[in-house]
Amino acid sequence: MTELSDKYQNFISGIPDNVCLVAVSKTKPEEDIMTLYNKGHRSFGENKVQDLTRKAENLPKDIKWHMIGHLQTNKVKYIAPFVHMIHGLDSLKLARLIDNEAGKNNRIINCLLQIHIAEEQSKFGLSEDGLNELLMNPEFKSFKNIRIKGLMGMASFTEDLNQVRVEFRKLKTIFDDLKSGIFIENEYFSDLSMGMSDDFRIAMEEGATIIRIGSLIFGERNYSN
Ligand SMILES: *Cc1c(COP(=O)(O)O)cnc(C)c1O
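A few points on the structure. (Residues numbered from 1 in each chain as written. Predicted model: local features only at pLDDT ≥ 70, side-chain atom pairs only at ≥ 80, totals over all residues. Heavy atoms only, no water.)

### Comments concerning the packing of helix H1 (residues 3–13) against helix H2 (residues 30–37)
Turning to step 1, where the next piece is worked out: Running from N to C, H1 and H2 point in directions that differ by 50°, and their axes come no closer than 9 Å. Relative to H2, H1 is oriented oblique. Viewed along their axes, H1 and H2 form a crossing whose handedness is right-handed. In contact with Leu 4, Ser 5 and Tyr 8 of H1, H2 contributes Asp 32, Thr 35 and Leu 36.
Turning to step 2, where the next piece is worked out: Among the residues making up the contact of H1 with H2, the classes are represented as three nonpolar, two polar and one charged. (Axes fitted to C-alpha atoms, helices over the stretch in contact; angles between N-to-C directions. Helix = DSSP H or I, 4+ residues; strand = E, 2+ residues; numbered from the N terminus. Parallel < 35°, antiparallel > 145°, perpendicular 65-115°, else oblique. Left-handed = near helix turned anticlockwise from the far one by under 90°. Contact = heavy atoms within 4.5 Å. Nonpolar A, V, L, I, M, F, W, Y, C, P; charged D, E, K, R; others polar.)

Below is the structure:
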């Protein structure tokens, strides 16, 4: 057994069955993905459209590809034919594009609404007001080729684990409010994507159903090569 295969096995054995592990393979070679694939793993995440499309083309077709990074509207068309889930839906404009491209491919694309929960400033992710505005928007409500599966969020980049917990808890509260409110009749609204290598345990304790883990399984990323 290779080292990666052992790492994966150790990791996955500690994850409960009701939590979906998205193995974040960004910057990693296709052979690493195949190592996990051969152990039966099928859910992988990438954050760049170009890498995602290349890997999807070269690798087995039953892989469930998660687009986890910021998605530019002009690139939606490249992933619409095959992507399993888009984690970063955070604007009406992006939703319009996804709905349109999904329709062209006769698909309904799973999406998570990305909520900004961290303290750091970021261009990405909806505020709570932005979220409510989007959900009330008549055009947004009319989209037939988008399936809102739940919420996604990233905690602050901090050593203060209590703050991380507070942020995840806040996202879970927003999720619960929507689930018992506007999405009460929607059986699909069931996913909460939160938690990465450094904070996934806290995220699971706070109700994550999807965790996105890269470096803990694949090792540190080296962006220079
Ligand atoms: C890179 C990335 C991850 C995985 O990060 P690790 O710390 O390596 O586990 C998770 N989510 C998003 C959105 C990412 O960009």
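### Observations concerning the site of the ligand
Turning to step 1, where the next piece is worked out: In the vicinity of the ligand, the contacting residues are Val 24, Lys 26, Ile 68, Met 152, Met 154, Met 196, Ser 197, Arg 212, Ile 213, Gly 214, Ser 215 and Arg 221.
Turning to step 2, where the next piece is worked out: Lys 26 is positioned such that a nitrogen or oxygen atom in its side chain is 2.7 Å from an oxygen atom of the ligand.
Turning to step 3, where the next piece is worked out: Contact between the ligand and Ser 215: an oxygen atom at 2.8 Å from a main-chain N or O atom of the residue.
Turning to step 4, where the next piece is worked out: The cavity that encloses the ligand is the largest pocket.
Turning to step 5, where the next piece is worked out: When grouped by side-chain class, the residues that make up the shell around the ligand number six nonpolar, three polar and three charged. (Near = heavy atom within 4 Å. Polar contact = N/O pair within 3.5 Å; in protein donor to acceptor, adjacent residues only side chain to side chain. 1 Å grid on protein atoms, 1.4 Å probe; cavity = no way out; pocket = protein on both sides within 12 Å on 5 of 7 lines; lining within 4 Å. Sits in = over half its atoms within 2 Å of the grid points.)

### Focus on the pairing of strand E1 (residues 20–24)
Side-chain direction in a regular strand flips from residue to residue, so the side chains alternate between the two faces of the sheet.
Turning to step 1, where the next piece is worked out: E1 sits mainly inside the fold: four of its five residues count as buried.
Turning to step 2, where the next piece is worked out: Alignment of E1 against strand E8 (residues 210–213), held across four bridges, turns out to be parallel. Along E8, the bridge assignment pairs Cys 20 with Ile 210.
Turning to step 3, where the next piece is worked out: A crossover links E1 with its parallel partner strand E2 (residues 43–46), the connecting element being H2, and its sense is right-handed. (Buried < 20%, exposed > 50% of the residue type's maximum accessible area, 1.4 Å probe, protein only. Pairing = 2+ DSSP bridges. Right-handed = clockwise from strand over helix to strand, strands pointing away.)

### Describing the side chain of Ser 215
Turning to step 1, where the next piece is worked out: Checked against the element boundaries, Ser 215 lands in helix H10 (residues 215–218).
Turning to step 2, where the next piece is worked out: Look at Ser 215 and you get buried, because its relative accessible area is 19%.
Turning to step 3, where the next piece is worked out: If we ignore the near neighbours within four places in the chain, the residues touching Ser 215 are Ser 197, Glu 220 and Arg 221.

### Description of the layout of surface pockets
Turning to step 1, where the next piece is worked out: Roughly 930 Å³ of internal volume is contained in the largest pocket.
Turning to step 2, where the next piece is worked out: Lining of the largest pocket is provided by 33 residues; of these, Met 154, Ala 155, Phe 157, Met 196 and Arg 212 occupy positions nearest its centre.
Turning to step 3, where the next piece is worked out: Secondary structure elements with two or more residues in the lining of the largest pocket: strand E5 (109–115), helix H8 (161–179) and H10.
Turning to step 4, where the next piece is worked out: Its residues assigned to classes, the lining of the largest pocket shows 14 nonpolar, 11 polar and eight charged.
Turning to step 5, where the next piece is worked out: If you go around the second largest pocket, the residues you meet are Leu 135, Phe 140, Lys 141, Phe 143, Ile 146, Arg 147, Ile 148, Ile 182, Phe 183, Asn 186 and Tyr 188.
Turning to step 6, where the next piece is worked out: The set of elements that each furnish at least two residues to the lining of the second largest pocket consists of helix H7 (138–142) and strand E6 (146–153).
Turning to step 7, where the next piece is worked out: Split by residue class, the lining of the second largest pocket holds eight nonpolar, one polar and two charged. (Points joined across faces, edges and corners; volume = space filled by probe spheres on them.)

### Examining the nonpolar core
Turning to step 1, where the next piece is worked out: Core analysis: the biggest nonpolar cluster contains 63 residues, and Leu 113, Leu 151 and Ile 211 have the highest contact counts within it.
Turning to step 2, where the next piece is worked out: Of the residues forming this core, the biggest block, six residues, is contributed by H8.
Turning to step 3, where the next piece is worked out: Not counting residues up to four positions away in its chain, the partners in contact with Leu 151 are Leu 112, Leu 113, Ile 115, Leu 171, Ile 174, Phe 175, Leu 178, Phe 189, Asp 191, Leu 192 and Ser 193. (Core = buried A, V, L, I, M, F, W, Y, C linked by side-chain atoms within 4.5 Å.)

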